[in-house]
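Secondary and tertiary structure notes
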Amino acid sequence: MNLLSERIKLARSLCHFSMDELVRRMGERAVSKMAISKFERGLMKPTPTTLQAIADACHVPLTFFSQPMPLLSQLEYRFDLSISPEQLQHIDSIVAPLLQNYFGIQTILGSDLTFVHPLPNNPLCNYADAEHAAIELRRKWEIGLQPIHSVYELLCCYGVHVIEADLGANQVFGLSTFVRASASSKGDIPIIIINACACATTERKRFTALHELCHLLFPLRPGDEVGHGGELARLRAPPPPRARAPPPQSPR
């Protein structure tokens, strides 16, 4: 598959059209269902007239088909240690198309995908650093010291995109990553995905969203966050060799 074929398939999936429905909506400029299938598999390229018909049927601008697919940075998970590598791979397979669809809609809507890091080059080494960073972030984002009414709304106002999705694994609370949405995007876009099936309460969702925000804004060294920061590395890395016990010493 190439960029054009991926974009044609994405435009159709965003509208929840079957191939037959897409052909019907193309009207007089319609091609066969087999042709649509070949377009989406990259086996054949549509003519400019056909591509315009697909764009009109899916209600997307013609430029939608030339926008590159979003580029994902490494996914950072927050989970307990009972999850398996196979479950992580399954979640990866859910997240990639989820973000492609999300940014496909953002492109159609013409959303201004910009993010300005409020506290760049500010690593956290201890609890005092974290406390200072929290105060500085409240000052930069003009939050004040009162409780935050809506965490999701606050994050969206400052360019952090929050998505709720069922990731099919109760062990995963949420994950975060940076995405380069398109060539015209000004920098990488921070994304937080809240696992709806694991975060059942509002309190859990708020906590997970703010927890992921910390990982997006502040670099942490491996092992700084006990029970969270090193879990992915520990899960995927081979177990360390067991140290041999020293031989028993005879009593003097």
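One can find the structure itself at the top, above this paragraph.
Residues numbered from 1 in each chain as written. Predicted model: local features only at pLDDT ≥ 70, side-chain atom pairs only at ≥ 80, totals over all residues. Heavy atoms only, no water.

Side note on the overall build of the protein chain
Along its length, the protein chain carries nine helices and five strands. Counting helices and strands in the order they occur from the N terminus, the protein chain gives α-α-α-α-β-β-α-α-α-β-β-β-α-α. Burial analysis of the protein chain (252 residues in total) assigns 39% to the buried set. Contacts in the protein chain between residues at least 24 apart in sequence constitute 71% of all its contacts with a sequence separation of at least 6. Of the roughly 14900 Å² of accessible surface on the protein chain, a fraction of 57% belongs to carbon and sulfur atoms. (Helix = DSSP H or I, 4+ residues; strand = E, 2+ residues; numbered from the N terminus. Buried < 20%, exposed > 50% of the residue type's maximum accessible area, 1.4 Å probe, protein only. Contact = heavy atoms within 4.5 Å. Areas by Shrake-Rupley, 256 points an atom, 1.4 Å probe, with all protein chains shown as cover.)

A look at helix 8 (residues 202–217)
Over its 16 residues, helix 8 extends 23 Å from the first C-alpha to the last, a length consistent with the 22 Å expected when each residue adds 1.5 Å. Among the residues of helix 8, those classed as buried are T208, A209, H211, E212, L213, H215, L216 and L217. (Expected span 1.5 Å × (residues − 1).)

A word on the environment of V23
You can see V23 is positioned in helix 2 (residues 19–25). Sequence-wise, V23 and I36 are 13 residues apart; in three dimensions their C-alpha atoms are separated by 8.0 Å.

Digging into the pairing of strand 5 (residues 189–195)
Judged by how many residues are buried, strand 5 sits mostly within the fold: seven of seven residues are covered. Pairing between strand 4 (residues 172–180) and strand 5: six bridges, direction antiparallel. Bridged to S176 within strand 5 is I192. (Pairing = 2+ DSSP bridges.)

Brief notes about the pattern of salt bridges
Within the structure shown, the criterion is met by seven salt bridges. We note a salt bridge from E21 to R24, for which the minimum N-O separation is 2.7 Å. With E21 and R24 both in helix 2 and three residues apart, the pair spans about one turn of that helix. For E21, a relative accessible area of 22% puts it in the partly exposed group. Residue classification places R24 among the exposed positions, given a relative accessible area of 55%. Here E21 ties to R25 by a salt bridge, and the two come within 2.7 Å at their closest N and O atoms. Of this pair, E21 and R25 both sit in helix 2, four residues apart, which is roughly one turn of that helix. A residue is classified by how much of its surface remains accessible, and R25, at 41% relative accessible area, is partly exposed. Within this structure, E21, R24 and R25 form a network of salt bridges that share partners. (Salt bridge = Lys/Arg side-chain N within 4 Å of Asp/Glu carboxyl O.)

Let's talk about helix 1 (residues 3–14)
Compared with the 16 Å implied by 1.5 Å per residue over 12 residues, the 16 Å span of helix 1 between its first and last C-alpha is a close match. N-capping of helix 1 is provided by N2, with a side-chain oxygen placed 3.2 Å from the backbone N of L4. Following helix 1 by one or two positions, H16 has its phi on the positive side, about 60°. (Polar contact = N/O pair within 3.5 Å; in protein donor to acceptor, adjacent residues only side chain to side chain.)

Quick word on the packing of aromatic side chains
Tallied over the entire structure, the rule returns two aromatic pairs. Note on F64 and F65: the rings are 5.8 Å apart at their centroids and 85° apart in plane angle, and the pair reads as edge-to-face. The pair formed by F64 and F65 is uniform in burial state, with each residue classed as buried. With a centroid separation of 4.5 Å and 10° between ring planes, the pair formed by W141 and Y158 is classed as stacked. (Phe/Tyr/Trp six-rings, centres within 6.5 Å; stacked < 30°, edge-to-face > 60°.)

Notes on unusual backbone geometry
A negative phi angle is the norm for most residues apart from glycine, just as the trans form is the norm for most peptide bonds. Look at H59: it is not a glycine, yet its phi comes out positive at around 60°. Since its relative accessible area comes to 61%, H59 is described here as exposed. A positive phi angle, near 55°, is found at N121, a position not held by glycine. When you line up the elements, N121 lands in the loop between helix 5 (85–109) and helix 6 (127–140).

With respect to the pairing of strand 3 (residues 161–165)
Within strand 3, four of the five residues are buried, which leaves it mostly tucked inside the rest of the structure. Sheet analysis places strand 3 next to strand 5, joined by five bridges and oriented parallel. Looking across to strand 5, one finds that V162 is bridged to I192.

Observations concerning the packing of helix 1 against helix 4 (residues 48–58)
Interaxial distance between helix 1 and helix 4 falls to 9 Å at its minimum, and their mutual angle equals 30°. By the angle class used here, helix 1 and helix 4 are roughly parallel. The way helix 1 lies across helix 4 gives a crossing that is left-handed. Packed against helix 1, whose contacting residues are L4, I8, A11 and R12, the element helix 4 presents L51, I54 and C58 at the interface. Split by residue class, the contact of helix 1 with helix 4 holds six nonpolar, no polar and one charged. (Axes fitted to C-alpha atoms, helices over the stretch in contact; angles between N-to-C directions. Parallel < 35°, antiparallel > 145°, perpendicular 65-115°, else oblique. Left-handed = near helix turned anticlockwise from the far one by under 90°. Nonpolar A, V, L, I, M, F, W, Y, C, P; charged D, E, K, R; others polar.)

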